Structures are given as structure tokens and as C-alpha cells.
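Observations on the model geometry
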Amino acid sequence: MSSPLFPIRHGGNLLAAVRRYGRPADDWLDLSTGIHPDGYPVPALPAQAWQRLPQDDDGLAELAAQSFGAPQALPVAGSQAAIRTLPGLLRAGRVGIAALGYSEYAPAFAAAGHTVVPLAEADFARAGLADELDHLVVVNPNNPTARLLPPATLLRWHAALAARGGTLLVDEAFIDCMPEHSLAARSGDDGLVVLRSTGKFYGLAGIRCGFVLAQPALLDALRERLGHWTVSGPAREVARLALADQAWQAATRTRLAAAGTRLAALLDRHGLVPAMHPLFCWAPHADAARLHEALAQHGVWTRLFDAAGGCPASLRLGLPPDHQEAWQRLDAALLAVTA
């Protein structure tokens, strides 16, 4: 679905780095995603999770709704399944999408017949942003800029859009570190769709399990479009364990807040000026491409972003794993490339 107009690029492409630089995969410090590197500890799963067809009535939807504080939830095969399907369920119109952000939204909406309006970062400071659009996509916090909009702002935009039959889609893939900013509780309102993920905070990107929070009619239409067994049995089992483990969630928020602050301070010491999310730091820099290449020569794989949305080229660095050797390796590499 990618096109020259809306190219799709992702981090996590470590094998591309292996092929390009000839360094074995286990000799890289991969910071190219915002996925928690020390995620939820998955235990051995019962045999029936592998042997039986997935059960849609296994309680996962209800547990997710309770965990997120939402009226209802629909499990899907990662946010990706929803991003590709939801545009076709919405009335075609002008949809605002950040020019510097998650690259899957623009091509998905364009393919469904919508007119994509690329938004600069400065546009998200305009109170009347929603007045010019039929639909609006907001990744909150934004990936990669870490921009976090308060619920009151989002709800004003939602009210303006919904009054004209439009939709506000809020992607909360990174909200679990600061759940007080979530709109999940309002996701039963017409014209509001919220996406949640187990991939980032829980570090479970590989199970491909996400959730759509929306009013029942839209969830029913999405369920019908996606069909049966969209989330595998093992994925459902793991997601239930993680969403129910409130003690792990609370302790993890504390650990990630400290780790994000540590990463921001490390980058600052080496002359970068990062914006911080507990799971990653975003560092605009005129020489970002050279830094990305130089860090790769030291076996540190980062995500490079071209200039977009009124922002210069930039790097995004995820958290190193929680052991001293990884942090020391990053420190040494930064020292070498910024000296």
C-alpha cells in the first residue's frame, strides 16, 4: 500500500542493518523502535492455547475494556489491522494526519478514497484545527516527536468533528506510561475511535494484539469486516496475562520513567537536545543522517527521520536493555560520533 507520495517506513528493521553493514544481529544494540526492551515476562503457555482455535468469547475483550477504562473493546491483530480497515468504514473526506508521525495512516486513508491533509507539528497547536477537516488522526503521544496533547484539546476537536459527522481517531500506542491522558473512557461517544496496543509498553510487539475502543455499531462493522480468528490463541493468552497484571504495570511505569529520564540526560550530555517519552527520545539535529550512519558503524541502530512537518531531520532512540553494558556501549558510541 506504500506509494512515493506516502512512503511507509518503520524501525525494527535490524536485518536490513545486518545486510548493509555486515555485522551479525547479536552484535547490535538495536534502539530503532520504541518497544520496551525488557517487556512483560511471558510464562510457558498451556497446550490448548496452541491446539485450539482462538475463542472470541474468552474474556479478553472485557478484560481489555476494564484495563483501559473503556465501555467496550475489540481485539485485533495489532493496531495495523485497524489502521488498514477503519478508513473504509468512515465517510470519505478530508483527513488530517501528521506529516511527521506513524507512516501507515496516510496510505491507508488515501487507498480508501479520503483526501489526506498533511499536518505540520505547529498545526497541532491551533485551536481550530478540526474546523478544516472531516476526520483527524492524532497519535498521542506522537511517534516520534513525543508531542502529548491534553484530553481537553482532543475532546474539543472531537466535538467539532462529530457535530459534522466526522471522526477523531486517537492512536494511544504509547499512552500506557501516562494513562491519565487517555480518552478511553469517552470511546463510546459517536465519532471517537481510540486504538490501544500491547506492543510498546508491554514489549509484546511480536504477538500482534491490539484493541479498538469505539461505539458498538462501529466495532460491529469492524468485526464483520475482519472476520473470525484475527488474534491467535497464544496471543490472546499472553495479552490476558499482561493486562491483568496490575502490579507489573505499576512497577513498570516507575522504571520506564526513570529510564527515559536517564536516556534524555545521556543524549543531552553529548550535545543532543531530545524530547523525551519514557520509551524513547527524539533528537532533531541538522546532522542527523551522519550521526545515524556513524552510530551504525559502532553497532548502534537508530531510527532516522527525514525533515518533515516543519521539523528538521532527526533521530529517535529507544531505551537500551536494562543492563549496564548496554548503557555503557551507547555512551561510548555517542562520545565517539559527537566528539
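In the block above lies the structure referred to throughout.
Scope of this entry: the structure provided in the associated data block. (Residues numbered from 1 in each chain as written. Predicted model: local features only at pLDDT ≥ 70, side-chain atom pairs only at ≥ 80, totals over all residues. Heavy atoms only, no water.)

1. What to know about helix α10 (residues 288-297)
Stated precisely, the cut-off is as follows: Think of it in three bands: with a 1.4 Å probe and only protein chains considered, a residue is buried below 20% of the maximum accessible area for its type, exposed above 50%, and partly exposed in between. Under the scheme used here, helices are H or I runs from DSSP no shorter than 4 residues and strands are E runs no shorter than 2 residues, and both carry numbers assigned from the N terminus. Contacts between residues were defined by any pair of non-hydrogen atoms, one from each residue, lying within 4.5 Å.
Among all positions in α10, only Ala288, Leu291, His292, Ala294, Leu295 and Ala296 are buried. Where α10 is buried, its residues touch α1 (14-21), β11 (300-301), β12 (303-305), β13 (314-318) and α11 (324-338). Just downstream of α10, Gly299 is the residue with a positive phi angle, here 80°.

2. With respect to the sheet that holds β13
The condition is simple: Between any two strands, pairing holds if DSSP finds at least two bridges. Every axis corresponds to a line fitted to the C-alpha atoms, with the helix fit spanning only the stretch in contact, and the corresponding angles, defined between N-to-C directions, vary from 0 to 180 degrees.
In space, the four strands of this open sheet follow the order β9-β10-β13-β12, with antiparallel pairing throughout. Strands with a single pairing partner mark the edges of an open sheet, and in this sheet they are β9 (275-277) and β12. Strand after strand, the sheet turns through a mean of 20° between neighbouring axes, direction not considered. Note: strand β10 (residues 280-284) against β13, five bridges, orientation antiparallel. Directly across from Trp282, in β13, lies its bridge partner Arg316. Across the sheet, α10 touches β12 and β13, and the angle it forms with β13 is around 40°.

3. Observations concerning the packing of aromatic side chains
For clarity, the threshold we go by: Each aromatic pair joins two rings of Phe, Tyr and Trp (for Trp, the six-membered one) with centres within 6.5 Å, and gets the label stacked for planes under 30 degrees apart, edge-to-face for over 60, and tilted for any other angle. Whether a charge lies above a ring is judged from NZ of Lys or CZ of Arg, which has to be within 6 Å of the ring centre and within 35 degrees of the ring normal.
This model, assessed by the stated rule, comprises 11 aromatic pairs. On the basis of an interplanar angle of 75° and a centroid distance of 5.8 Å, the ring pair of Trp28 and Trp301 is categorised as edge-to-face. Placement of the pair is Trp28 in the loop between α1 and β1 (29-30) and Trp301 in strand β11, with a sequence separation of 273 residues. Of the two residues, Trp28 and Trp301, both sit in the buried class. Summarising the aromatic geometry, the rings of Phe201 and Tyr202 are spaced 5.0 Å apart at their centres and angled 90° between planes, so their arrangement reads as edge-to-face. Among the aromatic residues, those joined into a ring-pair cluster are Tyr40, Phe201, Tyr202 and Trp248. Against the face of Trp327 rests Arg262, its NZ or CZ located 4.1 Å from the ring centre. Taking NZ or CZ as reference, Arg303 lies 4.1 Å from the ring centre of Phe305, over its face.

4. A closer look at the side chain of Thr145
To keep things clear, this is the line we draw: N or O atoms within 3.5 Å of each other form a polar contact, as long as, within protein, one can give a hydrogen and the other can take it, and as long as residues adjacent in sequence are counted only when both atoms are side-chain atoms.
Position of Thr145 among the secondary structure elements: in the loop between β5 (135-139) and α6 (151-162). Residue Thr145 is classed as buried on the basis of its relative accessible area, which comes to 6%. A polar contact of 3.2 Å, which involves the side chain of Thr145, links it to the side chain of Glu121. In this structure the side chain of Thr145 is engaged in a polar contact, spanning 3.0 Å, whose partner is the side chain of Asn142. Filtering out sequence-adjacent residues up to four positions away, Thr145 remains in contact with Leu100, Glu121, Ala275 and Trp282.

5. Topic: the sheet that holds strand β7 (residues 192-197)
Sheet strands pair by backbone hydrogen bonding; their relative direction is either parallel or antiparallel. Spatially, seven strands are ordered β2-β8-β7-β6-β5-β3-β4 in an open sheet, and the strand pairing comes out mixed. With one partner strand each, in any of the chains shown, β2 (74-76) and β4 (115-119) form the two edges of the open sheet. Each neighbouring strand pair of the sheet contributes to a mean axis angle of 20°, computed without reference to strand direction. Helix α3 (residues 60-68) contacts β2, β7 and β8 (210-213) of the sheet and is inclined by roughly 70° relative to β8. On top of the sheet, helix α4 (residues 78-85) reaches β2, β6 (167-171), β7 and β8; it is set at about 155° to β7, its chief contact.

6. As for unusual backbone geometry
Here the amide bond leading from Asn140 into Pro141 is cis, since omega sits at 0°, within 30 degrees of zero. Along the chain, the position of Pro141 falls in the loop between β5 and α6. Residue Pro144 follows Asn143 across a cis peptide bond; omega there is 25°. You can see Pro144 is positioned in the loop between β5 and α6. Even without a glycine there, the phi angle at Arg208 is positive, about 50°. Structurally, Arg208 is set in the loop between β7 and β8. Judged by relative accessible area, Arg208 falls into the partly exposed class, the value being 39%. In the Ramachandran plot, Trp229 falls in the positive-phi region, its phi being about 60° despite a non-glycine side chain. Position of Trp229 relative to the elements: it lies in the loop between α7 (216-226) and α8 (233-244).

So yeah, pure geometry; function would need other evidence.
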